[in-house]
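Examination of the molecular architecture
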Amino acid sequence: MTTQLSDFVKAYDVRGVVPDQLNIDVAHAPGAAFAEVVALAEGASAVVIGHDMRPSSPELVDALARGITARGVDAVLIGLASTDGLYYASGALGLPGAMFTASHNPAQYNGIKFCRSGARPVGQDTGPARVRDLAQQHLDRGVSAFDGVRPGSVTQRDVPADYAGFLRGPVDLSRSRPLRVSVDAGNGMGGLTVPAVPGTDSGLPELPLTIDPMYFELDGTFPNHEANPLDPKNLVDLRERVRSHGADIGIAFDGDADRCFVVDELGDPVSPSAITAMIARREIAREVAAGRSASDVAIVHNAITSAAVPEIIAQDGARPVRTRVGHSYVKAVMSEHDAVFGGEHSAHYYFPDFWFADTGMLAAMHVPAALGETDAPLSEVMAPFERYVASGEINSTVTDAAAITQRVRDRWATGATTVDELDGLTITQPGDDDEPMWWINLRPSNTEPLLRLNVEAADEATMARVRDDVLTMIREA
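Since we're looking at a predicted model, the values are computed, not measured.

A few words now on the overall build of the chain. The helix and strand tally for the chain stands at 14 helices and 22 strands. In summary, the chain has a C-alpha radius of gyration of 22 Å against a globular reference of 23 Å for 477 residues, a match within 12%. For the chain, the C-alpha atoms occupy an extent of roughly 75 × 55 × 45 Å along the three principal directions. Counting the 477 residues in the chain, one finds 56% classified as buried. Within the chain, residue pairs in contact and separated by at least 24 positions form 70% of the contacts whose partners lie at least 6 positions apart. Of the accessible surface of the chain, which amounts to about 18700 Å², a share of 49% is contributed by carbon and sulfur atoms. Across the chain, the 39 positively charged side chains and the 66 negatively charged ones have centroids separated by 3 Å.

Set out below in structure tokens:
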């Protein structure tokens, strides 16, 4: 039976179980399709390919490269890399790219993240469905090798040193006070990139940071815990390490190291929204110091970051720009508004100096830089950015997301609230003498029968009340 790519080729990337869904007999077909739909359409002569530490990644890279080169397009292999390392190569070389990784998913998964040249996204409207459908045609025909054109070549290229030097540029840590930083790489690609960027493995000067490494051994079986710091249970080891070793800060990376999560000196997690607001403030100040009017500075945030994010941006005189959740939307809106930074609730952070792409490592450099400029502990530095109480994202399996969303709208949308449908349904109570501030967002999943709920409020009691009432409506429907 032919593999059905629609089972695991999603809106933004490929993510499947190895070898049942994604294997060497399948991977060549997306390679050929990507070469046709993206590389050849853009006039690119090559595709740059990187991979993470999962055991299946090298052979899948070879299969994808076979499909690419069979279409007359060269394949440039950069070997082991973080996802933002692949974005760096795509941007620096001006080539479309493919990264083999399943990010934070468990060990039995692998996947592919594609990008256009210059690390531009292959968004919903610019290719994933076309790549999937063309690849499915190749598989359905039983074609294992392609002919009719001159095959491309396969070459190797080393990029870690250039990547590390590039990321050192935007953030100056040389004048920071000495800091002890505990880093949990989760046996993922942070174990390669942390020694290269804030460390000295790439031949860069030593920074005033003492790195306390945890699980730096590259191991795609994840023997210590899943490389998914968004799940609180995967931060337990880092929180204890920070407290027991007296670290000033703790940083955890997901499997492909494109996201970073922060723990303060007390071992308490710092929300990605607070990190977004903090970096936004730094980037606004940098632009103003360079002579730009704050009112001309735009910062992009997605629809479910904390309400503190646009408040702080506006208080600093800059312009907050709200967009839908997802990297393709954030990148496109940043480019449209010439934004100096973008952040998401999921700990994806985007920088124009990095081709508007997301990089966990550059965000991880900003946090000790901000801390090193003061004598205060990180908990005090971040306190002004943690204004409200959030539920986190809660998923519910539903049969009719539209009907449930309408019920919630009918119940919670009143004359005192505002409603928007930028990304799902958002209802906001701005806060008054009778009711504290709260907002709710309901978004249906693009790929699963799930309804995603986020709630934020001025205090814990209000958040819990609104969260529980909405959840009851969803789960009793």
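Past the structure itself, the notes keep going.
A few words now on helix α8 (residues 272-289). An α-helix turns once per 3.6 residues; consequently, residues spaced three or four apart project the same way. The terminal C-alpha atoms of α8 lie 26 Å apart, and with 18 residues this matches the ideal 26 Å at 1.5 Å per residue to within 8%. Within α8, burial applies to Pro 272, Ser 273, Ala 274, Ile 275, Thr 276, Ala 277, Met 278, Ile 279, Ala 280, Glu 283, Ile 284 and Glu 287. One or two positions beyond α8, positive phi appears at Gly 291, with a value near 100 degrees.

Moving on: the pairing of strand β5 (residues 109-115). Of all seven residues in β5, six are buried; the element is thus mostly enclosed. Where strand β1 (residues 14-17) lies against β5, four bridges are found, and the strand directions are antiparallel. Its bridge partner being in β5, Val 14 is matched across the sheet by Ile 112.

Before going further, it helps to spend a moment on the environment of Leu 362. With respect to the element layout, Leu 362 can be found in helix α11 (residues 360-372). Leu 362 sits 196 residues away from Phe 166 along the chain, and the two C-alpha atoms are 9.8 Å apart. Each residue touching Leu 362, except ones within four places of it in the same chain, is listed here: Leu 167, Pro 170, Val 171 and Phe 351.

Moving on, we come to unusual backbone geometry. In this model, Val 18 is joined to Pro 19 through a cis peptide bond whose omega is 0 degrees. Within the element layout of this structure, Pro 19 appears in the loop between β1 and α1 (24-42). One non-glycine residue, Tyr 215, lies in the positive phi region at around 55 degrees. Structurally, the position occupied by Tyr 215 is in the loop between β8 (209-214) and α7 (236-245). In this structure Tyr 215 comes out as partly exposed when scored by relative accessible area, which is 22%.

Another aspect to go through is the pairing of strand β20 (residues 425-429). Counted residue by residue, β20 has four buried out of five residues, so it is predominantly covered. Pairing geometry for strand β19 (residues 418-420) and β20, over three bridges, is antiparallel. Paired with Asp 420 across the two strands is Thr 426, which belongs to β20. Examined bridge by bridge, β20 and strand β21 (residues 438-444) share five bridges and lie antiparallel to one another. For Thr 426, the partnering residue across the bridge sits in β21 and is Asn 441.

Pairing is mixed across the open sheet formed by five strands, whose spatial order is β8-β7-β9-β10-β11. A strand with exactly one partner marks an edge of an open sheet, and here the two such strands are β8 and β11 (269-270). In terms of strand pairing, strand β7 (residues 179-184) meets strand β9 (residues 249-253) through four bridges, oriented parallel. Within β9, the residue paired with Val 181 across the bridge is Ile 249. Sheet strands touched by α11: β7, β8, β9 and β10 (260-263). Its angle to β9, the strand with the most contacts, is close to 175 degrees.

As a further point, take the environment of Ser 396. Along the polypeptide, Ser 396 turns up in strand β18 (residues 394-397). When the C-alpha positions of Ser 396 and Arg 452 are compared, they lie 6.6 Å apart, and in sequence the two are 56 residues distant. Residue contacts for Ser 396: discarding those within four places in its chain leaves Pro 449, Leu 450, Leu 451, Leu 471, Ile 474 and Arg 475. Here Arg 475 takes part through its side chain, which lies 2.9 Å from a polar atom of the side chain of Ser 396.

As enumerated under the stated definition, the model contains 27 salt bridges in all. Its salt-bridge partner being Arg 116, residue Glu 42 comes within 3.1 Å of it at the nearest N-O pair. Within this pair, whereas Glu 42 is found in helix α1, its partner Arg 116 is found in the loop between β5 and α4 (128-140), the two being separated by 74 residues in sequence. In this structure Arg 116 comes out as partly exposed when scored by relative accessible area, which is 23%. The closest approach of N and O atoms between Arg 286 and Asp 353, which form a salt bridge, is 3.5 Å. One end of the pair, Arg 286, is in helix α8; the other, Asp 353, is in the loop between β15 (349-351) and β16 (357-358), and 67 residues separate them in sequence. For Arg 286, a relative accessible area of 33% puts it in the partly exposed group. Through salt bridges with shared partners, a single ionic network connects Glu 42, Arg 116 and Arg 120.

Where helix α9 (residues 308-315) is concerned, the buried positions are Ala 308, Val 309, Ile 312 and Ile 313. Taken around the axis of α9, the buried residues stretch over an arc of 130 degrees, which confines them to a single face. Buried residues in α9 make contact with α8, β12 (298-302) and β13 (319-323). Gly 317 sits one or two positions beyond α9 and adopts a positive phi of about 85 degrees.

Basis of the calculations
- Residues numbered from 1 in each chain as written.
- Predicted model: local features only at pLDDT ≥ 70, side-chain atom pairs only at ≥ 80, totals over all residues.
- Heavy atoms only, no water.
- Helix = DSSP H or I, 4+ residues; strand = E, 2+ residues; numbered from the N terminus.
- Rg over C-alpha atoms; globule rule 2.2 N^0.38 Å.
- Buried < 20%, exposed > 50% of the residue type's maximum accessible area, 1.4 Å probe, protein only.
- Contact = heavy atoms within 4.5 Å.
- Areas by Shrake-Rupley, 256 points an atom, 1.4 Å probe, with all protein chains shown as cover.
- Lys, Arg positive; Asp, Glu negative; His and termini not counted.
- Charge placed at Lys NZ, Arg CZ, Asp CG, Glu CD.
- Expected span 1.5 Å × (residues − 1).
- Pairing = 2+ DSSP bridges.
- Axes fitted to C-alpha atoms, helices over the stretch in contact; angles between N-to-C directions.
- Polar contact = N/O pair within 3.5 Å; in protein donor to acceptor, adjacent residues only side chain to side chain.
- Salt bridge = Lys/Arg side-chain N within 4 Å of Asp/Glu carboxyl O.
- Arc of directions from axis to C-beta.

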